[in-house]
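# Commentary on secondary and tertiary structure
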Amino acid sequence: MKIQLIRNAALWLEYGGITFLVDPMLSEKEANPPVPNSPNARRNPLVSLPGPAQKWLAPDAVLVTHLHQDHWDEAAVSLLPHELPVLCQAGDEGTLAAQGFGHVSAIEDLEAKNFRGVTLKRTGGQHGTGEIGKLMGKVSGFVFRAEGEPVLYVAGDTIWCDEVKEALDEHKPEVIIVNAGGAQFLAGGHITMNEQDIIELCRYAPEASVIAVHMEAINHCLVTREQLAARLGQAGLLERVQIPADGEWC
Ligand SMILES: O=c1ccn([C@@H]2O[C@H](COP(=O)(O)O)[C@@H](O)[C@H]2O)c(=O)[nH]1
């Protein structure tokens, strides 16, 4: 297994002999407006891709955890070849097909999907709590399994919650990728993992290695890599968690 953080939640994943492009947000720096009702007015993405987008346009499959703009944007829709297989959560397949993608498969809630020898199982999550959580809608994570590979859990846009605990209990992943950044609007709590969430996750899954992404790319993500590293250091967990820079391989 090899994992490259591209930017935000976008990953290039080499797993079981298959290449997956996860949650591509391929817009140029500052091409999009700030997230509305958020604590600052910086345009998105905050930073450039760590190379030309062309580097990541020929995976074996694309996996879209949910359709929020920082996981699937207009640039991805226009740049990615429409004949690529696209895997998604159930409910998003109509939108992706309407955008011109001809090979879209939903990973159903309780069914594992086999993609060329790699098994993917959907996991749940909560993209925030209360009204904000409801407004954010359905989100998914995915657990990857293949012969000779570590069990990998891509948790998606979720806070620390029962669904994540259930995924950890059921799958016992060896590697967990979490969307950090403590994303937040002006009202309501955080909608992606903050420092404390990642500390709880590390303590709940003491054998797993953790990779924290989804930071310093979108204006409503308020927890920086440096802040996360400092809190993990205080908690004695820094050696368990990789915090890659954009473009870095894990
Ligand atoms: O560039 C962007 C990124 C996101 N949004 C909207 O914000 C919320 C939450 O996004 P997540 O980062 O997936 O938590 C969602 O409604 C997005 O569509 C945006 O407007 N612009």
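First things first, this report covers the structure right here in the doc.

Rules used throughout
Residues numbered from 1 in each chain as written. Predicted model: local features only at pLDDT ≥ 70, side-chain atom pairs only at ≥ 80, totals over all residues. Heavy atoms only, no water. Helix = DSSP H or I, 4+ residues; strand = E, 2+ residues; numbered from the N terminus. Rg over C-alpha atoms; globule rule 2.2 N^0.38 Å. Buried < 20%, exposed > 50% of the residue type's maximum accessible area, 1.4 Å probe, protein only. Contact = heavy atoms within 4.5 Å. Areas by Shrake-Rupley, 256 points an atom, 1.4 Å probe, with all protein chains shown as cover. Lys, Arg positive; Asp, Glu negative; His and termini not counted. Charge placed at Lys NZ, Arg CZ, Asp CG, Glu CD. Pairing = 2+ DSSP bridges. Axes fitted to C-alpha atoms, helices over the stretch in contact; angles between N-to-C directions. Phe/Tyr/Trp six-rings, centres within 6.5 Å; stacked < 30°, edge-to-face > 60°. Lys NZ or Arg CZ within 6 Å of the ring centre and 35° of its normal. Salt bridge = Lys/Arg side-chain N within 4 Å of Asp/Glu carboxyl O. Polar contact = N/O pair within 3.5 Å; in protein donor to acceptor, adjacent residues only side chain to side chain. Near = heavy atom within 4 Å. 1 Å grid on protein atoms, 1.4 Å probe; cavity = no way out; pocket = protein on both sides within 12 Å on 5 of 7 lines; lining within 4 Å. Sits in = over half its atoms within 2 Å of the grid points. Points joined across faces, edges and corners; volume = space filled by probe spheres on them. Nonpolar A, V, L, I, M, F, W, Y, C, P; charged D, E, K, R; others polar.

### A closer look at the overall build of the chain
When helices and strands are counted, the chain shows 6 helices and 13 strands. Its C-alpha atoms give the chain a radius of gyration of 17 Å, near enough to 18 Å, the size a compact globule of 250 residues would have. Burial statistics for the chain: of 250 residues in total, 55% are counted as buried. Partitioning the contacts of the chain with sequence separation of at least 6, the portion at a separation of at least 24 is 60%. Summed over its atoms, the accessible surface of the chain is roughly 10,400 Å², and 50% of this surface lies on carbon and sulfur atoms. Computed over 19 positive and 33 negative side-chain charges, the separation of the two mean positions in the chain equals 2 Å.

### Considering helix 5 (residues 195–204)
Taken residue by residue, helix 5 has Glu-195, Asp-197, Ile-198, Ile-199, Leu-201 and Cys-202 as its buried positions. Of the surrounding secondary structure, the elements contacted by the buried residues of helix 5 are helix 4 (162–171), strand 11 (175–179), strand 12 (209–213), helix 6 (225–234) and strand 13 (241–242).

### Describing the sheet that holds strand 4 (residues 61–64)
Strand order in this open sheet of 6 strands is 1-2-3-4-5-6, and the pairing throughout is mixed. Of all strands in the sheet, those bounded by a partner on one side alone are strand 1 (2–7) and strand 6 (103–107). Along the sheet, successive strands turn relative to each other by an average axial angle of 20 degrees, direction set aside. Strand direction decides the pairing type here: strand 1 and strand 2 (residues 10–15), joined by 5 bridges, are antiparallel. The partner of Gln-4 across the bridge, within strand 2, is Trp-12.

### With respect to unusual backbone geometry
The amide bond that connects Asn-44 to the next residue, Pro-45, takes the cis arrangement and shows omega of -15 degrees. By the secondary structure assignment, Pro-45 is in the loop between strand 3 (18–22) and strand 4.

### Some points on the packing of aromatic side chains
Per the counting criterion, the structure on display carries 5 aromatic pairs. Aromatic pair Phe-20 and Phe-115: ring centres 6.0 Å apart, planes at 55 degrees, arrangement tilted. Taken together, the residues Phe-20 in strand 3 and Phe-115 in strand 7 (residues 113–115) connect sequence positions 95 residues apart. A relative accessible area of 10% places Phe-115 in the buried class. In this structure an aromatic cluster arises from ring pairing among Tyr-15, Phe-20, Phe-115 and Phe-144. Stacked on the ring of Trp-249, the Lys or Arg Lys-2 has its end atom at 4.7 Å from the ring centre.

### Structural notes on the side chain of Asp-70
Here Asp-70 shows up in the loop between strand 4 and helix 1 (74–79). No salt bridge is formed by the buried Asp-70; the nearest opposite charge belongs to Arg-7, separated by 9.7 Å. Of the polar contacts made by the side chain of Asp-70, one reaches the side chain of His-214; its length is 3.4 Å. Ignoring sequence-local partners within four residues, the contact set of Asp-70 consists of Asn-8, Asp-23, Met-25, His-214, Ile-218 and His-220.

### A few points about the site of the ligand
Near the ligand there are 16 residues, and of these His-68, Asp-70, His-127, Asp-157 and His-220 occur at the shortest range. In this structure, Asp-70 approaches the ligand through a side-chain N or O atom, which is 2.5 Å from an oxygen atom. Between an oxygen atom of the ligand and a side-chain N or O atom of His-71, the distance comes to 3.5 Å. For the ligand, whose accessible area on its own is 450 Å², the fraction buried by protein is 86%. Structurally, the ligand is housed in the largest pocket.

### With respect to the side chain of Arg-225
Among the secondary structure elements, Arg-225 is positioned in helix 6. Assessed through its relative accessible area of 17%, Arg-225 is described here as buried. Side chain to side chain, Arg-225 and Asp-246 meet in a polar contact 2.8 Å long. If we skip the residues at most four places from it in the chain, Arg-225 touches Leu-5, Met-215, Glu-216, Ile-243, Pro-244, Ala-245 and Asp-246.

### A few points about the layout of surface pockets
One number sums up the size of the largest pocket: a volume of about 300 Å³. The wall of the largest pocket is formed by 21 residues, among which Val-35, Gln-69, Asp-70, Ile-218 and His-220 lie closest to the centre.

### A look at empty space enclosed by the protein
A water-sized probe, rolled over the atoms, reveals where empty space remains. As enumerated under the stated definition, the model contains 1 cavity of 30 Å³ or more in all. Counted as a void, the largest cavity has a volume near 30 Å³. Ala-9, Leu-11, Val-22, Asp-23, Thr-65, Val-154, Gly-156, Ile-177, Asn-179 and Val-213 are the residues that line the largest cavity. Residues that form the lining of the largest cavity fall into these classes: 6 nonpolar, 3 polar and 1 charged.

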